[in-house]
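Tertiary structure, described
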Amino acid sequence: MTTSELLKRLRAQHKQLEQEVLQHDAKLPKGQRRLLQDTERFNDSLFIQTGAELKPCIDQISKSIEQLEKLIKGKISANTILLSCERIQDRFTAVKRALATTSLDVKSAEHQKQMRIAKAQQRRRQSHSNSGFDWIAAGVMQNSHQLYEELNKHLNWVKAFEQKIQNLQSELEYCHSADKIKKQNEILLVHRRLGKCRQAISYIEERIQAFERPHTHTYRSFKR
């Protein structure tokens with residue numbers, strides 16, 4: 001086979017594969033694009049590419065064919081030309097494999113995402129169990145809407161405790177001396193509950209901030 005025929009065959013392969021890739025990329029659902037946006041689907045020695053779309057790989061193969069043509073015109077050694085052709089064929093093979101395994105990559109990415117979510121929830125549950133605020137249902141810690149409801153509940157309790165203390169202090173001024181110690185103990189108990197409630201409010205506010213703080217995750221899939 002002449003070098004001219006070789007280049008012609010490579011360009012034909014490239015054109016056919018490009019059409020398959022364009023159809024593949026056009027059919028990708030937004031969810032899959034988003035799920036694989038940070039995923040590296042190839043070994044770095046083959047392509048510099050992340051995400052579900054494969055068109056960037058086709059562009060890189062095109063540049064490789066152009067470089068091969070320059071090598072041929074520069075009368076480079078046959079061994080160097082052979083190595084360049086093998087590299088291009090490896091890239092063709094990798095893209096074809098990627099076309100066939102996008103759904104597997106999506107499932108792998110979904111599994112990794114679920115694992116990260118499960119681990120994050122486990123860390124939050126463990127943190128909650130060690131927080132000293134175990135009267136707050138653990139399930140509340142997994143939902144920002146429920147966290148806000150819990151926050152409002154504790155804010156209302158603070159108001160109720162503060163009003164209770166005012167009432168008890170007013171009663172203390174006029175109660176019989178024999179009842180003063182009992183009344184003072186009641187006030188002390190409500191003060192303790194008020195303090196614990198305020199601590200819980202700070203804790204819930206921290207959990208809300210941690211829950212709503214944006215996180216980005218990148219991961220690498222199995223490299224071809």
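Residues numbered from 1 in each chain as written. Predicted model: local features only at pLDDT ≥ 70, side-chain atom pairs only at ≥ 80, totals over all residues. Heavy atoms only, no water.

What to know about helix 1 (residues 3–26)
- For helix 1, spanning 24 residues, the distance from its first C-alpha to its last is 34 Å, which sits close to the expected 34 Å at 1.5 Å a residue.
- Leu 6, Leu 7, Leu 10, His 14, Leu 17, Val 21, His 24 and Asp 25 are the residues of helix 1 that are buried. (Helix = DSSP H or I, 4+ residues; strand = E, 2+ residues; numbered from the N terminus. Expected span 1.5 Å × (residues − 1). Buried < 20%, exposed > 50% of the residue type's maximum accessible area, 1.4 Å probe, protein only.)

A closer look at the confidence of the model for the protein chain
- Across the protein chain, the average pLDDT comes to 82, with 85% of residues at or above 70.
- Low pLDDT, under 50, characterises residues 215–224; the stretch is placed with 30 contacts to residues that sit more than four places away or in other chains. (pLDDT = per-residue confidence, 0-100. Contact = heavy atoms within 4.5 Å.)

Here's the deal with the packing of helix 1 against helix 3 (residues 55–73)
- Orientation of helix 1 relative to helix 3, taken along the N-to-C sense of each, is 170 degrees, at an axis distance of 9 Å. Comparing the axis directions of helix 1 and helix 3 gives the class roughly antiparallel. Across the interface between the two elements, Thr 3, Leu 7, Leu 10, Arg 11, His 14, Leu 17, Glu 18, Val 21, Leu 22 and Asp 25 from helix 1 touch Lys 55, Ile 58, Ile 61, Ser 62, Ile 65, Leu 68, Glu 69 and Ile 72 from helix 3.
- A per-class count over the contact of helix 1 with helix 3 returns 10 nonpolar, 3 polar and 5 charged. (Axes fitted to C-alpha atoms, helices over the stretch in contact; angles between N-to-C directions. Parallel < 35°, antiparallel > 145°, perpendicular 65-115°, else oblique. Nonpolar A, V, L, I, M, F, W, Y, C, P; charged D, E, K, R; others polar.)

Side note on the environment of Gln 169
- Mapping Gln 169 onto the fold places it in helix 5 (residues 144–174).
- Judged by relative accessible area, Gln 169 falls into the partly exposed class, the value being 37%.
- In this structure the C-alpha to C-alpha distance between Gln 169 and Gln 184, which are 15 residues apart in sequence, comes to 8.2 Å.
- Excluding residues within four positions of it along the chain, Gln 169 makes contact with Ile 187 and His 191.

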